[in-house]
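Coordinate inspection notes
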Amino acid sequence: MYIIGALILFINSVRSDSEFKIKEMIKNKLHFHPSKVLKLTNVLKYKLIISDEQFDFNVAIEQMQSYIKVKDAIQIGPLIRYSRTFMNDTGELDIEIVMMLQCNNFIHNVEAPYSIESVIRVPDAFAGT
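Let us look at the structure shown here. (Residues numbered from 1 in each chain as written. Predicted model: local features only at pLDDT ≥ 70, side-chain atom pairs only at ≥ 80, totals over all residues. Heavy atoms only, no water.)

Concerning the packing of aromatic side chains
So the rule is basically this: Aromatic pairing here means that ring centres of Phe, Tyr or Trp (its six-membered ring) are within 6.5 Å. Orientation follows from the plane angle: under 30 degrees is stacked, over 60 is edge-to-face, and everything else is tilted. Secondary structure elements are taken from DSSP: a helix is a run of H or I of four residues or more, a strand is a run of E of two residues or more, and numbering for both begins at the N terminus. Per-residue accessibility, obtained with a 1.4 Å probe over protein chains only, is compared with the maximum for each type, and a residue is labelled buried under 20%, exposed over 50%, and partly exposed between these values.
Following the criterion strictly, the structure yields two aromatic pairs and no others. Residues Y46 and Y114 carry aromatic rings whose centres are separated by 5.6 Å and whose planes lie at 65 degrees to one another, so their mutual orientation is edge-to-face. Remark: Y114 occurs in strand β5 (residues 114–123) and Y46 occurs in strand β2 (residues 37–50); sequence separation between them is 68 residues. Judged by relative accessible area, which is 12%, Y114 ranks as buried. Arranged with centres 4.8 Å apart and planes meeting at 40 degrees, the rings of Y67 and Y114 form a pair that is tilted. Of this pair, Y67 sits in helix α2 (residues 57–70) while Y114 sits in strand β5, and the two are 47 residues apart along the sequence. Each member of the pair Y67 and Y114 is classed as buried. Within the aromatic cluster, the residues linked to one another by ring pairs are Y46, Y67 and Y114.

As structure tokens, then:
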């Protein structure tokens, strides 16, 4: 009984400590820099338009990571996601999402649904201080 209570207290303290660290990181480390340009190299891209509500992002990301490994490359850095809204041909609002992963080298002969770019520059990026 005491062990379970101590374990619950420990889990709650770790959870609140982690939440505090995340809040502090956001407050102290992430800033919007309108003049900052993020330069990315060897970027594998997967562009999709959200029309299926059952789409699973985790599966898509795992497939991208597997594709990188199969092509004898290594993922470097975190997942980068870009999204935008637009009006489609029928006048409805759609969402386009581009998921990007950097690789340690350029992958040649990339098959659909992926594409690769040697250099991408992202203006107005969030960046750590």
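There is more to say after this.
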